[in-house]
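Examining the three-dimensional arrangement
Below, each chain spelled out in residue letters.
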Amino acid sequence: MKPVPVKPKRGIFRGRRGEPSKAPRCGAKTRRGTPCQRAKERNPHTGHLKKCRLHGGLSSGPKTAEGRARIAAANWRHGKRSKAAKEARRVLREKLAALKAKTKEEQ
Ligand SMILES: [Zn+2]
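The present account deals with the structure reproduced in this document. In this text the structure is predicted, and so the values were computed from the model without any measurement.

What counts, and at which threshold
Residues numbered from 1 in each chain as written. Predicted model: local features only at pLDDT ≥ 70, side-chain atom pairs only at ≥ 80, totals over all residues. Helix = DSSP H or I, 4+ residues; strand = E, 2+ residues; numbered from the N terminus. Buried ≥ 20, exposed ≤ 12 C-beta atoms within 10 Å, placed from the backbone. Contact = placed C-beta atoms within 7 Å. Expected span 1.5 Å × (residues − 1).

**A look at the overall build of the protein**
Looking only at helices and strands, one finds two helices and zero strands in the protein. When the 107 residues of the protein are sorted by exposure, 2% land in the buried category. A separation threshold of at least 6 residues defines the contact pool for the protein, and within that pool the share at least 24 residues apart is 12%.

**Here's the deal with helix 2 (residues 83-106)**
Taking 1.5 Å per residue as the helical rise, helix 2 with its 24 residues ought to reach 34 Å, and the 35 Å between its terminal C-alpha atoms agrees with that figure. With respect to burial, helix 2 is a largely exposed element, only zero of its 24 residues being buried.

**Some details on the environment of Cys 26**
With respect to the helices, strands and loops of the structure, Cys 26 is situated in the segment before helix 1 (65-74). Its 21 C-beta neighbours within 10 Å are what place Cys 26 among the buried residues. Along the sequence, Cys 26 and Arg 53 sit 27 residues apart, while their C-alpha atoms lie 9.1 Å from each other. Excluding residues within four positions of it along the chain, Cys 26 makes contact with Cys 36, Arg 38, Lys 40, Lys 51, Cys 52 and His 55.

What follows is the structure, given as structure tokens:
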């Protein structure tokens, strides 16, 4: 049997340090026109202290053509409903209809 560790486990500190009332404030303009008084929160992705969770806002999406192309590629599933696939199906349908009409004429 393994002995019980004497030292407490060390890892990422998840508690709060310091005085909460002295934490930096969000400061976003509220509907009342006054600055928001909630504490700023850390963005888990960037690590930056920005605004509170109510005033962070969602991403407005990629702006450059490169970024938009990257997002489009990331959301691409199989292309069955893409413009190219629809056009290919339309061309095939027309060819098939033409062949059917031709065979009907010959009979
Ligand atoms: Zn806020």
